[in-house]
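In case you want the letters, here they are:
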Amino acid sequence: MNFHQNTISVVVGGNTGIGRAVADELSKREGRVIIASRRSGLDVADPEAVERYFSSLGPIDHLVFTAGSQAPGGKLVDVDLADAKAAFDTKFWGSLAVAKAASRQMRDGGTITFTTGFLARRTVPNTFVKTAMNSALEAVAKILARELSPIRVNVVSPGLTDTEAYEAMDGAARQAMLERAAANLPAGRYGRAEDVARGYLLAIDNPFMTGAVIDIDGGALVN
Ligand SMILES: NC(=O)c1ccc[n+]([C@@H]2O[C@H](COP(=O)([O-])OP(=O)(O)OC[C@H]3O[C@@H](n4cnc5c(N)ncnc54)[C@H](OP(=O)(O)O)[C@@H]3O)[C@@H](O)[C@H]2O)c1
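Predicted model only: the values in this text are computed from it and were never measured. (Residues numbered from 1 in each chain as written. Predicted model: local features only at pLDDT ≥ 70, side-chain atom pairs only at ≥ 80, totals over all residues. Heavy atoms only, no water.)

Asks: So, the site of the ligand: which residues are in play, and what are the values?
Replies: Taken together, 27 residues lie around the ligand, and Thr-16, Ser-37, Ser-69, Thr-163 and Tyr-166 are the ones closest in. Between the ligand and Ile-18, the relevant distance is 2.8 Å, taken from an oxygen atom to a main-chain nitrogen or oxygen of the residue. Within the side chain of Lys-91, an N or O atom sits 2.9 Å from an oxygen atom of the ligand. Against a free-state accessible area of 880 Å², the protein chains account for coverage of 91% of the ligand. Broken down by secondary-structure element, the contributors of at least two residues to the shell around the ligand are helix 1 (17-27) and helix 3 (81-104). Its residues assigned to classes, the shell around the ligand comprises eight nonpolar, 14 polar and five charged. (Near = heavy atom within 4 Å. Polar contact = N/O pair within 3.5 Å; in protein donor to acceptor, adjacent residues only side chain to side chain. Areas by Shrake-Rupley, 256 points an atom, 1.4 Å probe, with all protein chains shown as cover. Helix = DSSP H or I, 4+ residues; strand = E, 2+ residues; numbered from the N terminus. Nonpolar A, V, L, I, M, F, W, Y, C, P; charged D, E, K, R; others polar.)

And the structure:
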């Protein structure tokens, strides 16, 4: 870990959930943490806005991208493909637009850490949008680890984690979902944002780690 008073970390999606937990951890270190999302004026689905945003920021050291937890669920025959494309615009194309703009501003020792999810590599009916978005992002991240070298590029892939992503759910249904996951997962618990945040710190701190996908999913992929 090589943080000093001039270190600048940007957490896109850091106003809530997993991104918020990463930003909280980085805030305990030296340097500055900048949080961006729609509520602070950055819509990552708008590539021109992304370009303007990073040009105005100047040099940065670490980029964490956690934006875009929503995607339509359902069978291919039922999902409106316009909704599926909109989810891609935020999470997949948004990740790439941000990486493209941020990488130009990155100082030596810089890192980019994306976020996918366990459905990238698990076959579950009714989740094709998440599977497609997350697996595409994991594939591209590995290419970027080579193209953008010496910037290190990694991915954190969470399992079910209790965050604002589920705030629209009825409270009892949400609790039941979390308890069911805890009962079924090898780790015997559902994820907390702080659990998943540790993966980003590992990716940022370990100088020998690039092109990696870090699974923090309670064992969902081995279940
Ligand atoms: N929680 C889980 O169970 C789980 C499981 C697997 C994978 N993940 C992944 O982990 C990541 C973080 O999820 P989370 O659970 O922390 O969700 P979250 O609390 O909903 O955080 C997502 C953040 O994305 C921001 N955002 C959404 N659209 C945006 C846009 N167009 N431009 C800029 N920012 C945007 C939101 O802020 P604004 O509304 O201010 O824009 C929000 O703060 C997501 O990629 C999600 O798919 C989560």
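Asks: Any details on the sheet that holds strand 8 (residues 213-216)? Residues and values, ideally.
Replies: The strand order across the open sheet built from six strands is 2-1-3-4-5-8, with neighbouring strands paired in parallel fashion. Both edges of this open sheet fall to strand 2 (32-36) and strand 8, since each of them pairs with a single strand only. Strand-to-strand twist of the sheet, defined as the mean angle between neighbouring strand axes without regard to direction, takes the value 20°. Here four bridges tie strand 3 (residues 60-65) to strand 4 (residues 106-115), and the two strands are oriented parallel to one another. Each bridged residue has a counterpart across the sheet, and for Leu-63 the counterpart in strand 4 is Ile-112. Contacts from helix 1 reach strand 1 (8-12), strand 2, strand 3 and strand 5 (152-158) within the one sheet, and its direction differs from that of strand 2 by about 165°. (Pairing = 2+ DSSP bridges. Axes fitted to C-alpha atoms, helices over the stretch in contact; angles between N-to-C directions. Contact = heavy atoms within 4.5 Å.)

Asks: Provide a residue-level description of the packing of aromatic side chains, including the pertinent values.
Replies: Counted by the stated rule, this structure contains three aromatic pairs. Taking the centre distance of 5.2 Å and the plane angle of 85° together, the rings of Tyr-53 and Phe-54 count as edge-to-face. Both residues of the pair, Tyr-53 and Phe-54, belong to the buried class. Each ring, one from Phe-92 and one from Trp-93, has its centre 4.8 Å from the other, and the planes form 75°; the classification is edge-to-face. Chaining the aromatic ring pairs together yields one cluster made of Phe-88, Phe-92 and Trp-93. The ring centre of Phe-3 lies 4.8 Å from the NZ or CZ of Arg-29, which sits over that ring. (Phe/Tyr/Trp six-rings, centres within 6.5 Å; stacked < 30°, edge-to-face > 60°. Buried < 20%, exposed > 50% of the residue type's maximum accessible area, 1.4 Å probe, protein only. Lys NZ or Arg CZ within 6 Å of the ring centre and 35° of its normal.)

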